[in-house]
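# Residue-level structure breakdown
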Amino acid sequence: MMKNGGLREYRSASWDEPVVMELGYPGRRGMVFGEVDAAIAAKVGAAEALLPAAMRRRRPPALPELSEPEVLRHYLHLSQQTLGMLGVNLFGTCTMKYNPRAGEAVMARPQVAETHPLQHADTLQGTLELVHGFDLILRELSGMDRFVFQAAGGADAAYTHACVTRAHLAARGELGKRDEIVTTIQTHPCNPATAATAGFKVVTLMLDERGYPSLDALKAALSDRTAALMVNNPDDMGIYNPEIKEWVRLVHEAGGLCFYDHANFNGVMGKLRARELGFDACMYMLHKTFGAPKGGGGPAVGAYGCTAELARYLPGPVVAFDGAKYRLDSDRPDSLGKVREFWGNVPQVLKAYAWARAMGAEGIHEASDLSVLANNYMEKKLLAIRGVTKSNPHIDAWRMEMTRYSLGVLKEDTGVGVADMQHRMVDFGVDAPWLSHEPWLVAEPFTPEAGEMWSKEDIDYWIAALARVSEEAYRDPEIVKTAPHNQSIAKIRTDGLEDPERWATTWRAYRRKHRKA
Amino acid sequence: MTERPGCPSVAHPYMANSVGAIKAAMLADIGAPSIEALFEQIPADHRLRRPLALPKAIPSEAELRRHLLGVLAKNKTCEDNLSFLGAGCWQHHVPAICDEIVGRSEFLTPVWGTPSSDHGRNQAWFEFCSQLGELVGMEFVGLPVYSWGCAAGHAIRMAARLTGRNEVLVPRSMDPERLAVVRTYCEPEALASHIAVRAVDYDAASGRLDLADLRAKLSARTAAIYFETPGYLGTVEENGAEIAMRARAAGAETIIGVDPISLGVLAPPGDYGADIVVGTTQPLGVHMNCGGGVGGFIATRDEERYAREYPTLLISITDTLKPGQIGFGLTLAHQTSYGLREKGKDWTGNSVYLWAIANAVYMSLLGPAGFRELGERIVQQSHYAARALAEIPGVRVVFPGGFFKEFVVNFDATGKTVAAIDEALRARGIFGGKDLSREFPELGQSALYCVTEIHDREDIDRLAGTLGEIVQ
Ligand SMILES: Cc1ncc(COP(=O)(O)O)c(C=O)c1O
C-alpha cells in the first residue's frame, strides 16, 4: 500500500521556464520557407513592390528568435507544468471523461484535418455521412427531429436558441412584443447571458426549499411577453425538478418556446428525453458528455436540436441526405443565418460520433448508471469528512450525477475555505474541483462530479485527499492556507490583477508597466 | 449480483467501474437496494420506457477504427488534390510540433485548475496574447473567441456600448459568411438594442473601400467602421489610415479585421489607427479541419475604456508569493457572464483555447524573419498565379494589384460558369477557388483563388495549364 495515508507524494515539474519572449538569440530560426522559385521571382519581382507602400510593415514584430528544438522543449516544459488531468480530475459541471485516443488518431488524418469546408459535397461524402449519422444518434437520445453543430460551445448553442426564438417570433409577427426569456438561478449563466445578448429581457426565478422554483413563481413570471424558457435539469446541485413537464406545459400555454440546456446529461442519458418532457429544443455539449476533448476550453461543440416546426430556423448549411448522396443545404430562406462561420468543429463532432458508437445504447445506459452511482457513493463518504456539508441537506433523496457541497462549517471552525482547499488538493495530484457559478447559493461551495470514467480507487483517492485537507485544517490550518507546496509555482498574487496600472495581458504591456528602464 | 438489463455484459474499456462486483460493492457501501433506486427523483412518467435504438456498439478499438476509416475514405482531401480554396479557412503549412504540443494530454483533455497547477497552460496562453499583440501592434489581447466573424460581432457590440450609438459600417465586399455571423450578433430592428449594419460600397476598379460612399454614410449614428485588410476579395486596403482618421473625426471606433499571417509584410493595424483589431487565428498552426480549425481574436490598446468591455477571458502576468517568481491569473473575470449572468459583457464560455496554444507555438517558431519570409513568398506566389491565370484567353484577374494570398478570377469571356469549370477541375484533381457568382452577381462568373506557401511553381503551372485546357 502507499504510504502517507494512501496519498501520493506528488511533485509538479518546475522548470522555472521563462516567458518565450525572453528566449532565443538574434538570427536564430525555427522555421524557414526557402527561397521563392526563380521563375516566380523573375516574373513578379520583389514582394515589396507588389504591396501598397503605405501598408507595408516597417518595423519587424518583436517576436522571439528560436530554433525548432528550443520551441519544442519550451512548450513541452509548459505542458509538464500543467497538472491537466494526469491525476484525478472530478471537475463538476464539466463531466471529465475519457477522450478516446482512437478518435484523436483518426481525426488527425488528412481525410479530416486536410479538408476544406467549401469543398464540393461530392468530395466530403465520408464526413457528411458521419455527421448525419451522429445527428441520427442525437435524435434518438433526445427525441428531437434535427441537430446542427455550428455552435462552438454550450453557450453558443444557448445563443443559437435565443436566435431561433427571434426567428420564430419574427415569423409570427411577435418579435419585440414577446421580449422576455424566463430562466432559473440554478440554470447555467450562459442562458441568461445569451438571451440578453440576443436582445431579450431576462426573468430569473429563485429556488424554494425543495431546491427548484415553485410553479407559482413560474406562473407569475409568464405572460404574453414570454418568448421562451431556458433551463437545465437536473441542476448542478444534483436536484431534478419533477415538475418540469408542467413547466413546459405552462410556458407553451403562455405562447413561449421551451429550451432544455441538457449539458447536465450524463446522469440521465438513455433514461429520459427532451421530447417526452415536451421541450421544443435542447443542446448537448459534445466536449462534456460525448467524449470529445475539452482542450482547456475548446474547440468545443454545442449540438443544438429542435423539433420539425423549428427546424426551418436553424443556422445553415444543414446536411441533407436523399438516400444515396449527402449534400449541404444552404437554401433555407427562414434560417436565422449563422452563429459562426462554416458548419462546426467537425473533428469534434466526428470524435463524439466515434465515442457514441464505441459506447452504444448499452454503454450509454451504463455510463449514466455509473455516474449517478459514483456520485452517491462519493456523497456518503464526503459527508463523513469533518467540516463538509451539502446543499439542501433536508432533501432526503439520492442525488443525480453531482452534489453541491459546502465547506462553510470548515471555514467557520478553521478559517480554511474552498479556495484554500483547491490550492491544497492539487498538492496531491488532484485537479482542483469546480466551486459554483455565481451567485453562490451556499457558503464555500464546491462541486465534484465523478462521471463514469474514474475507477472506485480514483474516487477513493480524491475523497482521501479532501479528508486530508480537512484533517490539516483542524490540526494545522497554515499548511492549507499557504498551499500549494508541490506545484511549479507558489500561489499567485491577485492584488494587481484588477488594477489598470498593473495588469498586463501581453509582454509588451508588462515591460512598459513593470520593467520601466 | 443481478445483471442490469440493457448494460454491457463485458466491462467497457472507457469505464473502470463497469464491473459487476465493483458496482455491487459501491451499492452496498451506500445501502442502496439497486442502481435503479438511485433515480428516484425522476417521476416515472418522465422516463423513457424502452431501450435506446442506436446502431450496434463497437467497443473494440480495432473495429471502430476500421469503421471510421472506411467511411472517411469516401472523402477527397486537399492533400491528395491541389486546392485553391480559401475564403475564411486557409491551407497553410502546419508545423509538426504544433500538432505534437496540442496533442499533449495535459493540454488536450482538461478544463480548469488553479493558477499554480495550470501554470504552464496559462503561460502558453499569455504567450499567445503577447506574440499576437506584437503582430497586430496592440498591448491588450484577449483569449480567443470562436471565429473571426464572432470576434467582429463582439467588437461591434463593444463599440456600440462605448459610443452609445447603434450603427456599424461594413464593406459591401465583406465575406457573406462572416457578415451573416455579424448580422446575428447585431440585434434585429424590432429589439431595443438593435445595431444597424450598413454596407459601404467598394471601388469597382481596386476593390478598396469607396471613400465617397464612406463619407456619405459616416454620421453621428455610426458606432464603428469595420473593414478588413486584406479584404474578402483579397485586396489590401490602401487607405486604412484615412478611413481610421475619418472614423475618429466622426466619433466612431475603427475596427480592423486582419489575417495575422500577413503581418510579417503588412503594417500592424495598430500603426494606422485601429481602435479594435479582430481576425482569424486558424492560419497560425491549425489545420483546416473542414472549418473546425477556425478561431478569432480581439485586441486593443491597453486602455481601461476598452478593457472593461471585453467579453473574453483575459489572462494577466503577475507575481507569486515567492519573490522574483511570475505567475498568471485571470483579470476582469467579473465582467463576464460567469460573474454577472445577463449583465455581463455578451457571454463567455468554452472557445478555441487549445488552438491558442498551437498559435503560440507557431508564432515562436516563425519569429520576425519567418513571418517576413512567409509573407513575401505568399505575395510573390499569389501574384505569379494571378498573372499566369490572366494569360489564359478569356480569363481575367479582377483586381490585379496589391493583394496578399487571394484574388478574384473572372471567367465571363470563356462563356463557362465557375460551377462547370470547377467540375472539370475536380475531375482532374484540382479544387478551384470559391465560386463568387451568387454572392457578388456584379462580378459575373468569378471565383476567389487562394495561393499560399504550400503551393509551388509546378502546382500553379498545373492549375494554369489545366484551366487553359478547360476553358478553351
Ligand atoms: C449546464 C451547462 N450549460 C452550458 C454550459 C456552457 O458551455 P460552454 O462553456 O461550452 O459554452 C455549461 C458549461 O459547462 C454547463 O455546465
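All chains use their own residue numbering, which begins from 1 and follows the written sequence. Chains and ligands are labelled by the order in which they are written, letters from A for the one and numbers from 1 for the other. A pLDDT threshold of at least 70 governs which residues receive local features in this predicted model, and a stricter bar of 80 or more applies before side-chain atom pairs are shown or counted, although totals over entire chains, interfaces and linings include all residues. Hydrogens and water are ignored here; the side-chain numbers use all heavy atoms of the structure.

When at least one non-hydrogen atom of a residue lies within 4 Å of a molecule or strand, that residue is treated as near it. Close contacts around the ligand come from 17 residues, with A:Gly154, A:Ala155, A:Asp261, A:His287 and B:Asn350 the closest. Looking at the residues close to the ligand, they fall on chains A and B. Computed with a 1.4 Å probe, the accessible areas rest on the Shrake-Rupley method; for each residue, only the protein chains presented here act as cover. Here the ligand has 390 Å² of accessible area as a free molecule, and 97% of this is covered by the chains. Secondary structure follows DSSP: runs of H or I at least 4 residues long count as helices, runs of E at least 2 residues long count as strands, and numbering of each begins at the N terminus. Taken together, the elements giving at least two residues each to the shell around the ligand come down to α6 (154-171) and β6 (281-285) of chain A. Per-class residue counts for the shell around the ligand are six nonpolar, nine polar and two charged. Side-chain classes are defined by residue name, with Ala, Val, Leu, Ile, Met, Phe, Trp, Tyr, Cys and Pro counting as nonpolar, Asp, Glu, Lys and Arg as charged, and the others, Gly among them, as polar.

We now examine the sheet that holds strand β15 (residues 446-450) of chain B. All names here are of chain B. Within the open sheet, the four strands sit side by side as β11-β12-β15-β14. Their pairing is antiparallel. The sheet terminates laterally at β11 (396-397) and β14 (434-435), the two strands that pair on one side only. Note: strand β12 (residues 406-410) against β15, five bridges, orientation antiparallel. Within β15, the residue paired with Val-409 across the bridge is Ala-447. The contact criterion used throughout is that any non-hydrogen atoms of two residues lie within 4.5 Å. Lines fitted to C-alpha atoms define the axes here, with helix axes fitted over just the stretch in contact, and angles between the N-to-C directions of these axes take values from 0 to 180 degrees. Sheet strands in contact with helix α13 (residues 418-427) are β14 and β15, and its direction is about 40 degrees off that of β15. When DSSP finds at least two bridges between two strands, those strands are taken to pair.

Glancing now at helix α9 (residues 240-249) of chain B. Residue and element names in this part refer to chain B. Buried residues are those whose accessible area, probed at 1.4 Å on protein chains only, stays under 20% of the maximum for their type, while exposed residues exceed 50% and partly exposed ones sit between those limits. Buried within α9 are the following residues: Gly-240, Ile-243, Ala-244 and Ala-247. Looking straight down α9, one finds its buried side chains confined to an arc of 95 degrees; they lie on one side. Downstream of α9 by a residue or two, Gly-251 has a phi angle that is positive, lying close to 75 degrees. In this description, the arc belongs to the directions extending from the helix axis to the C-beta atoms.

Domain borders in the structure are assigned automatically or taken from a domain database. Here chain B is described as being made up of domain 1 (1-46), domain 2 (82-91 + 369-471) and domain 3 (96-363). Put simply, the middle of domain 1 of chain B and the middle of domain 2 of chain B, counted by C-alpha atoms, are 60 Å apart.

This brings us to the packing of helix α14 (residues 418-425) of chain A against helix α15 (residues 456-475) of chain A. Residue and element names in this part refer to chain A. Two elements in contact, α14 and α15, have axes whose closest approach is 10 Å; the angle formed by their N-to-C orientations is 125 degrees. Our classification of the angle between α14 and α15 gives oblique. The chirality of how α14 crosses α15 is right-handed. Between α14 and α15, the contacting residues are Met-421, Arg-424 and Met-425 on the first element and Trp-462, Ala-465, Leu-466, Arg-468, Val-469 and Glu-472 on the second. By the definition adopted for this analysis, an angle is roughly parallel if under 35 degrees, roughly antiparallel if over 145, roughly perpendicular if from 65 to 115, and oblique otherwise. Whether a crossing is left-handed or right-handed is set by the direction in which the near helix is turned from the far one by less than a right angle, anticlockwise for left-handed and clockwise for right-handed.

This brings us to the interface of chain B and chain A. Each partner contributes to the interface: chain B provides 204 residues, whereas chain A provides 211 residues. Both sides together, the interface formed by chain B and chain A hides about 18600 Å², and carbon and sulfur atoms give 63% of it. Whenever a carboxyl oxygen of Asp or Glu lies within 4 Å of a side-chain nitrogen of Lys or Arg, that contact is scored as a salt bridge. Where chain B touches chain A, the interface holds 17 salt bridges. Taking the shortest distance from any N to any O, the salt bridge between B:Arg457 and A:Asp37 comes out at 2.8 Å. The term polar contact refers here to a pair of N or O atoms within 3.5 Å; inside protein, the definition further demands a hydrogen-donor-capable atom paired with an acceptor-capable atom, and it admits residues adjacent in sequence only when both atoms are side-chain atoms. The tally of links from chain B across to chain A stands at 104 residue pairs in polar contact (both at pLDDT 80 or more). Broken down by class, the residue content of the side of chain B that touches chain A amounts to 102 nonpolar, 55 polar and 47 charged. Accessible surface is computed with a 1.4 Å probe, and the buried area is the amount of it that two parts give up when combined, taken over both parts together.

We now examine the packing of helix α12 (residues 346-382) of chain A against helix α2 (residues 61-72) of chain B. Where α12(A) meets α2(B), the closest approach of the two axes is 11 Å, and the angle between their N-to-C directions is 140 degrees. Between α12(A) and α2(B), the angle falls in the class oblique. Between α12(A) and α2(B) lies a crossing whose hand is right-handed. Judged by residue contacts, A:Leu350, A:Tyr353, A:Ala354, A:Arg357 and A:Ala358 of α12(A) engage B:Leu64, B:His67, B:Leu68 and B:Leu72 from α2(B). Counted by class, the contact of α12(A) with α2(B) contains seven nonpolar, one polar and one charged residues.

Take the domain arrangement of chain A next. With domains assigned, chain A is organised as domain 1 (20-52 + 60-80) and domain 2 (104-357). Each of domain 1 of chain A and domain 2 of chain A was reduced to a C-alpha centroid, and the two centroids are 42 Å apart.

This next bit is on the pattern of salt bridges. Overall, the coordinates contain 76 salt bridges over all chains when judged by the stated rule. The shortest N-O distance in the salt bridge between A:Arg512 and B:Glu139 comes to 2.6 Å. Taken together, the residues span two chains, with A:Arg512 in helix α17 (residues 507-514) and B:Glu139 in the loop between α5 (119-136) and β2 (140-141). On the basis of relative accessible area, A:Arg512 is assigned to the partly exposed category, the value being 41%. Given the relative accessible area of 16%, B:Glu139 is considered buried. One salt bridge connects B:Glu304 with B:Arg308, and the closest N-O pair in it is separated by 2.8 Å. One connected set of salt bridges, linked through shared partners, spans B:Arg157, B:Arg161, B:Glu187, B:Glu309, B:Lys345 and B:Asp346.

Let us look at the pairing of strand β8 (residues 318-321) of chain A. For a regular strand, side chains alternate in direction, first toward one face of the sheet and then toward the other. Residue and element names in this part refer to chain A. One ladder, built from four bridges, connects β8 with strand β9 (residues 326-329); its direction is antiparallel. The residue of β9 that forms the bridge with Phe-321 is Tyr-326. Remark: four residues form the turn of the hairpin made by β8 and β9, two consecutive strands paired antiparallel; Gly-323 in that turn has positive phi of roughly 100 degrees.

Take the nonpolar core next. Residues enter a nonpolar core if they are buried and are Ala, Val, Leu, Ile, Met, Phe, Trp, Tyr or Cys, with the set joined through side-chain atoms within 4.5 Å. Core analysis: the biggest nonpolar cluster contains 128 residues, and A:Phe134, A:Phe149, A:Phe290, A:Phe446 and A:Trp462 have the highest contact counts within it. Among the elements that line this core, the one with the most residues is α12(A), at 20 residues. In this structure, A:Phe149 is in contact with A:Val131, A:Phe134, A:Asp135, A:Leu138, A:Leu286, A:Val301, A:Ala303, A:Trp343, A:Gly344, A:Asn345 and A:Val349, ignoring residues within four places of it in sequence. Residues A:Ile40, A:Leu51, B:Ala356 and B:Ile357 belong to the second largest nonpolar core, which totals 116 residues.

Residue and element names in this part refer to chain A. Judged by pairing direction, the sheet is mixed, and its seven strands sit side by side in the order β1-β7-β6-β5-β4-β2-β3 without closing on themselves. Edge positions in the sheet fall to β1 (146-148) and β3 (201-205), since each of these pairs with one other strand and no more. On average, each strand axis in the sheet is tilted by 20 degrees relative to the strand beside it, whichever way the strands run. Here β1 runs beside strand β7 (residues 302-306); their pairing, made up of three bridges, is antiparallel. Note on β7: the bridge partner recorded for Phe-147 is Gly-305. Of the strands in this sheet, β2 (180-184), β3, β4 (226-232) and β5 (257-261) are in contact with helix α9 (residues 244-253), which crosses β5 at around 145 degrees.

Once that is clear, we can look at the pairing of β4(A). All names here are of chain A. Taken across its seven residues, β4 has seven buried, putting it largely inside the fold. Relative to β4, β2 is paired through three bridges, and the arrangement is parallel. Within β4, the residue paired with Val-182 across the bridge is Leu-229. Note that β4 and β5 share five bridges and pair parallel. Looking across to β5, one finds that Met-230 is bridged to Phe-259. With its strands directed away from the observer, a crossover is right-handed exactly when the path from the first strand over the helix to the second travels clockwise. Note on the crossover from β4 through α9 to β5: the handedness is right-handed.

One can find B:Ser351 in the loop between α11 (337-340) and α12 (353-390). B:Ser351 gets classed as buried once you look at its relative accessible area, which sits at 2%. Excluding residues within four positions of it along the chain, B:Ser351 makes contact with A:Ala152, A:Gly297, A:Gly298, A:Pro299, A:Ala300, B:Pro144, B:Val145 and B:Tyr146.

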